[in-house]
Amino acid sequence: MSDEARLTHLDDQGRATMVDVGGKAETERVAIAEGFVKMAPETLALIQSGGAAKGDVIATARIAGIMAAKRTADLIPLCHPLMLTKVAVTVEAVDTLPGLRVEAMARLKGQTGVEMEALTAVSVACLTLYDMAKAVDKAMEITGVRLLSKTGGKSGDWNHPGSGGAR
């Protein structure tokens, strides 16, 4: 089985292991992920108006996402602790959903990718949006968490089919 087609976090005996990235070249690596929080139109309006009881819902979710990206190795057992050079989280209204779209970008110059950091940032930002608005809308749904693109490293660039590529 080629390196590309096997699970990299399993050794030859099928045991979980941390990937040795020591021999990899340092390259700039960027990953972008997205997720959505579907909600009632009234909930979206409340969040947009700044009238939520817990404060600025969107700003809090952005900060939570950034903080989560920095703690990914503490949450996912076999992830390497990384020296991120940039994490950005955006939250935008999608009236047709209705709800909010979260996008996270993680960047570093290093020997391993930042896909998990971008995905963790999106996931925690979505969970924070839910937490801050659940008092008015417990039926919200977190959906569509996915990697949109990644650049750098031995495997090169990748874009999710249908995502329109890196943003």
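All of these numbers come straight from a predicted model, not from anything done at the bench.

Participant: Got a sec to walk through the environment of valine 87? Specific residues and values, please.
Facilitator: For valine 87, the location among the structural elements is in strand E2 (residues 86-94). Judged by relative accessible area, which is 14%, valine 87 ranks as buried. It is 9.1 Å that separates the C-alpha atoms of valine 87 and leucine 108, two residues lying 21 residues apart in sequence. In contact with valine 87, not counting residues within four places along its chain, are Ile66, Ala69 and Met105.

Participant: Can you tell me about unusual backbone geometry, naming the residues and giving the values?
Facilitator: In the segment running from leucine 97 into proline 98, the intervening peptide bond is cis, with an omega of -20 degrees. On the secondary structure map, proline 98 appears in the loop between E2 and strand E3 (99-110).

Participant: Describe the environment of glutamate 26, and please don't skip the residues or the numbers.
Facilitator: Along the polypeptide, glutamate 26 turns up in the segment before strand E1 (27-38). Sequence separation between glutamate 26 and glycine 152 is 126 residues; the distance between their C-alpha atoms is 9.2 Å. With residues up to four places along the chain from it excluded, the contact list for glutamate 26 reads Lys109, Gly110 and Gln111.

Participant: Could you give me a rundown of helix H1 (residues 41-49), with the residues and numbers involved?
Facilitator: If you check which residues of H1 are buried, you get Thr43, Leu44 and Ile47. Considered in projection along H1, the buried side chains sweep an arc of 100 degrees and stay on one side of the axis. For H1, the exposed residues set more than 90 degrees away from the buried face come down to Pro41, Glu42 and Ser49. Residue glycine 50 follows H1 closely and has a positive phi angle near 80 degrees.

Definitions and limits used
- Sequence order sets the numbering: in each chain, residues are counted from 1 along the sequence as written.
- Since the coordinates come from a predicted model, pLDDT governs what is reported: local features require at least 70, and pairs of side-chain atoms require 80 or more to be given and counted, while whole-chain, interface and lining totals use all residues.
- Excluding hydrogens and water, the side-chain values take into account all heavy atoms of the structure.
- Only DSSP runs of H or I reaching four residues or more are called helices, and only runs of E reaching two or more are called strands; each is numbered from the N terminus.
- Note on classification: 1.4 Å probe, protein chains only; a residue is buried when its accessible area is under 20% of the maximum for its type, exposed when over 50%, partly exposed between these limits.
- Should any heavy atoms of two residues lie within 4.5 Å, those residues are counted as being in contact.
- Note that the arc is defined by the directions from the helix axis to the C-beta atoms.

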